[in-house]
Amino acid sequence: MTKKFTALAATLALTFGAGAANAQEVGAIVMGNDGVQIGTVAANDGANAVVDTGKHKVPLAVDSFAEGDNGYTLNITKTELDAMMDEEVARREAALAAALVVGAEVATADDVSLGTIDEMNDVGITMVQDDEPLTLPREMFALDTDGSLMVLVTKADLDAAIAAQAS
């Protein structure tokens, strides 16, 4: 989980108020403070639970939940939670769009440099790696926890995909 989503989870925890529930089972229903279902628990690593609202998968600290008569509850409505995530997604997309410029440095998910962006078009984003152009779809790019451009694969996985395509 990125620092930005961890910070969002902390903010949401403050918004929701700490609760006593700490063992949200995957698949459990999560209710809002208005008595309407927000979604279900999609994952739980012990520290954070991911709530699937149907629109977003929202990471939340497990102590953000309380136990109510109908299962787990959050001190927010589904509409409010989706709106908060809409804002976060828009902010992240705007930051990524601003970072995707010719000349920007790009690294892999395991922090191996891929060089700089050479060209951007409808097909994808091209970098020159070892004097060879490498074009990847825009969907493979993201910002890391420090706000630097990265592709969402490791160097080994990228090399394996390139080798498989060359065969």
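Note: the structure precedes this text.
Undergrad: Can you walk me through the overall build of the protein in this structure?
TA: Scanning the protein for helices and strands turns up three helices and twelve strands. The buried share of the protein, reckoned over its 167 residues, is 35%. Pairs at least 24 apart in sequence give 49% of the contacts found in the protein among residues at least 6 apart.

Undergrad: Where do I start with a negative patch on the surface in this structure?
TA: Judged by side-chain charge, Asp110, Asp111, Asp146 and Asp157 come together as a negatively charged surface patch. Among the structural elements, aspartate 111 can be located in the loop between strand E7 (105-107) and strand E8 (113-120).

Undergrad: What am I meant to see in the environment of glycine 124 here?
TA: As for its position among the elements, glycine 124 is in the loop between E8 and strand E9 (125-129). In this structure the C-alpha to C-alpha distance between glycine 124 and arginine 138, which are 14 residues apart in sequence, comes to 5.6 Å. Setting aside residues no more than four positions away along its own chain, glycine 124 makes contact with Glu119, Thr135, Leu136 and Pro137.

Undergrad: Help me out: how do you make sense of the pairing of E8 in this one?
TA: Strand direction decides the pairing type here: E7 and E8, joined by three bridges, are antiparallel. Considered in E8, the bridge of valine 106 is made with glycine 115. Two successive antiparallel strands, E7 and E8, enclose a turn made up of five residues, where aspartate 111 displays a positive phi of approximately 65°. As paired elements, E8 and E9 share three bridges and run antiparallel to each other. Looking at the pairing, isoleucine 117 lines up with methionine 127 of E9. A loop of four residues connects E8 with E9, the two strands running antiparallel in sequence.

Undergrad: Teacher, can you tell me more about the pairing of strand E2 (residues 37-44) here?
TA: Both strand E1 (residues 29-31) and E2 contribute to a ladder of three bridges, which runs antiparallel. Paired with valine 30 across the strands is glycine 39, a residue of E2. What sits between the antiparallel neighbours E1 and E2 is a turn of five residues, in which glycine 35 has the positive phi angle 85°. What sits between the antiparallel neighbours E2 and strand E3 (residues 48-52) is a turn of three residues, in which glycine 46 has the positive phi angle 95°.

Undergrad: Where do I start with the environment of lysine 57 in this structure?
TA: In this structure, lysine 57 sits in strand E4 (residues 57-61). When its relative accessible area of 54% is taken as the criterion, lysine 57 is described as exposed. Taking the C-alpha atoms as reference points, lysine 57 and alanine 43, 14 residues apart in sequence, are found 9.5 Å from one another. Not counting residues up to four positions away in its chain, the partners in contact with lysine 57 are Val50, Val51, Asp52 and Met85.

Rules behind the numbers
Residues numbered from 1 in each chain as written. Predicted model: local features only at pLDDT ≥ 70, side-chain atom pairs only at ≥ 80, totals over all residues. Heavy atoms only, no water. Helix = DSSP H or I, 4+ residues; strand = E, 2+ residues; numbered from the N terminus. Buried < 20%, exposed > 50% of the residue type's maximum accessible area, 1.4 Å probe, protein only. Contact = heavy atoms within 4.5 Å. Patch = residues over 30% accessible without salt bridge, like charges linked within 9 Å, V, L, I, M, F, W, Y side chains within 5 Å. Areas by Shrake-Rupley, 256 points an atom, 1.4 Å probe, with all protein chains shown as cover. Salt bridge = Lys/Arg side-chain N within 4 Å of Asp/Glu carboxyl O. Lys, Arg positive; Asp, Glu negative; His and termini not counted. Charge placed at Lys NZ, Arg CZ, Asp CG, Glu CD. Pairing = 2+ DSSP bridges.

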